[in-house]
Amino acid sequence: MNRTSYTGVAMNCLFCRILQGEIPSQPVYSDDLCYGFADIQPQAPTHLLLIPRRHIRSLAETSAEDASLLGHLMTKAAEIARQQNLSGGYRVVVNTGENGGQTVEHLHLHLLGGRAMHWPPG
Ligand code: AMP
Ligand code: ZN
C-alpha cells in the first residue's frame, strides 16, 4: 500500500517521483492538474504519457467525483495530439490493473501516434 501524503503524492510511486523532479523526464505539457512527458520505451514514433498530479492508482479507483479531472485529461490528450501534429489519428490507452497490462500504479493515459495502430490490441 502506498503511503500518501496530504498533498496527494505517494512516496514510493515512480510517477509521483517524476512529478517531484526526483526522476528526470522529458516534459511535453504541464498545468495545475496534470503533467505530460515522453514514454521511456516508446511503442510508436510519438508515445507520450499524461498523468494527474494527484496520485490515483488506476482508472478502477476513480468515481464520479473524478469526472472533471478525467475529462481534463482526455481533452488535454486531444490538445497535445494537435500540438504534436497527429492529424492522421492516434490512440489513447489507459491500461488498468493486472489483466489490463498496467505496470505503473499511478493513473496514466498513453498517447500513441505517428503510425497506423492495429486492432484488436495484444
Ligand atoms: P503501463 O504499462 O500502462 O502501466 O505503462 C507504464 C509506462 O511507463 C510504460 O510504457 C513504460 O515504458 C513507462 N515508463 C516507465 N518508467 C518510465 C520513466 N522513468 N519515464 C518515462 N516513462 C516510463
Ligand atoms: Zn503516484
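Refer to the structure printed above.
If you're wondering where the values come from, they're calculated on a predicted model, not measured in any experiment.

1. Some points on the coordination of the zinc ion (ligand 2)
Around a metal, the perfect tetrahedron of four donors has angles of 109.5 degrees, and the perfect octahedron of six donors has angles of 90 or 180 degrees.
Here comes step 1: Listed as protein donors to the zinc ion (ligand 2) are C13 (SG), C16 (SG), H55 (ND1) and H106 (ND1); their distances from the metal cover 2.0 to 2.3 Å.
Here comes step 2: Every donor counted, the four donor atoms about the zinc ion (ligand 2) form angles of 106 to 118° at the centre, which fits tetrahedral coordination.
Here comes step 3: Coordination of the zinc ion (ligand 2) draws on donor residues from a single chain, spaced C-x2-C-x38-H-x50-H in sequence. With C16 in helix α1 (residues 14-19) and H55 in the loop between β3 (46-52) and α2 (67-83), this residue pair connects regions lying 39 residues apart in the sequence. By the burial criterion, C16 is buried, and H55 matches it.

2. Considering the pattern of salt bridges
Here comes step 1: One pass over the structure, following the stated rule, counts four salt bridges.
Here comes step 2: The partner of D66 in a salt bridge is R54, with the nearest N and O atoms 2.9 Å apart. One end of the pair, D66, is in the loop between β3 and α2; the other, R54, is in the loop between β3 and α2, with 12 residues separating them in the sequence.
Here comes step 3: Note on R54: relative accessible area 40%, which makes it partly exposed.

3. Concerning the site of ligand 1
Here comes step 1: The local shell around ligand 1 holds 16 residues, among which D39, N95, T103, H108 and H110 are the closest.
Here comes step 2: T103 is positioned such that a nitrogen or oxygen atom in its backbone is 2.7 Å from an oxygen atom of ligand 1.
Here comes step 3: H108 places a polar side-chain atom, nitrogen or oxygen, 2.9 Å from an oxygen atom of ligand 1.
Here comes step 4: Relative to its unbound accessible surface of 510 Å², ligand 1 loses 85% to contact with the protein.
Here comes step 5: A majority-of-atoms criterion places ligand 1 in the largest pocket.

4. Considerations on the packing of aromatic side chains
Each aromatic ring pair is described using two quantities: the centre-to-centre distance and the angle formed by the ring planes.
Here comes step 1: Using the criterion set out here, one finds two aromatic pairs in the structure.
Here comes step 2: Aromatic pair F15 and F37: ring centres 5.5 Å apart, planes at 80°, arrangement edge-to-face. Note that F15 is positioned in helix α1 and F37 in strand β2 (residues 34-38), a separation of 22 residues in sequence.
Here comes step 3: Take F15: its relative accessible area is 5%, and that puts it in the buried class.
Here comes step 4: Between the aromatic rings of Y35 and F37, the centroid separation amounts to 5.4 Å while the plane-to-plane angle is 15°, which identifies the pairing as stacked.
Here comes step 5: Y35 sits in the buried class, given a relative accessible area of 10%.
Here comes step 6: Ring-pair connections join several aromatic residues into one group, and the members of that group are F15, Y35 and F37.

5. Thoughts on the nonpolar core
Here comes step 1: In this structure, Y29, C34, L50, L73, I80, L109 and L111 are the most contacted members of the largest nonpolar core, which totals 14 residues.
Here comes step 2: Of all the secondary structure elements, the ones that give two or more residues to this core are β3, α2 and β5 (109-113).
Here comes step 3: With five residues, the top contributor of residues to this core is α2.
Here comes step 4: Formed by 12 residues, the second largest nonpolar core is a distinct cluster that contains C13, F15, C16 and L49.

How each quantity is defined
- By convention here, each chain's residues receive numbers from 1 onward along its written sequence.
- Whichever chain is written first is A, and whichever ligand is written first is 1; the rest continue in order.
- Local features are withheld for residues below a pLDDT of 70 in this predicted model, meaning they are given only at 70 or higher, and side-chain atom pairs are given and counted only at 80 or more; totals for whole chains, interfaces and linings count all residues.
- Water and hydrogen atoms were dropped before computing side-chain values, which therefore reflect all heavy atoms in the structure.
- For Na, K and Ca the donor cut-off is 3.2 Å, and for all other metals it is 2.8 Å, counting N, O and S atoms only; because water is absent from this set, sites may look incomplete.
- Only two sets of limits are used to name each site, 85 to 135 degrees for every angle of a tetrahedral four-donor site, and over 155 degrees for opposite donors with all other angles from 65 to 115 for a square planar four-donor or octahedral six-donor site, with any other site named irregular.
- Starting at the N terminus, helices and strands are each numbered in turn, a helix being any DSSP run of H or I of at least four residues and a strand any DSSP run of E of at least two.
- Buried, partly exposed and exposed residues are distinguished by accessible area as a fraction of the type maximum, computed with a 1.4 Å probe on protein chains only: under 20%, between the cut-offs, and over 50%, respectively.
- Think of a salt bridge as a Lys or Arg side-chain nitrogen and an Asp or Glu carboxyl oxygen that are within 4 Å of each other.
- Any residue with a non-hydrogen atom lying within 4 Å of a molecule or strand is treated as near it.
- Any pair of N or O atoms that falls within 3.5 Å is considered a polar contact. Within protein, one atom must be able to donate a hydrogen and the other to accept it, and sequence-neighbouring residues count only if both atoms are side-chain atoms.
- Using the Shrake-Rupley algorithm and a 1.4 Å probe, accessible areas are obtained, with residue cover drawn only from the displayed protein chains.
- Definitions used throughout: a 1 Å grid over protein atoms alone; a cavity as a set of points that fits a 1.4 Å probe which cannot get out; a pocket as an open set with protein on both sides within 12 Å along at least five of seven lines; a lining residue as one with an atom within 4 Å of a point.
- Think of it this way: a molecule belongs to a cavity or pocket when more than half its atoms come within 2 Å of the grid points there.
- A pair of Phe, Tyr and Trp rings is counted when the ring centres sit within 6.5 Å of each other, with Trp represented by its six-membered ring. The angle between the planes then sorts it: under 30 degrees is stacked, over 60 is edge-to-face, the rest tilted.
- Nonpolar cores are built from buried Ala, Val, Leu, Ile, Met, Phe, Trp, Tyr and Cys residues. Side-chain atoms within 4.5 Å join them into one set.

So far we have only geometry, and geometry alone does not tell us how the molecule works.
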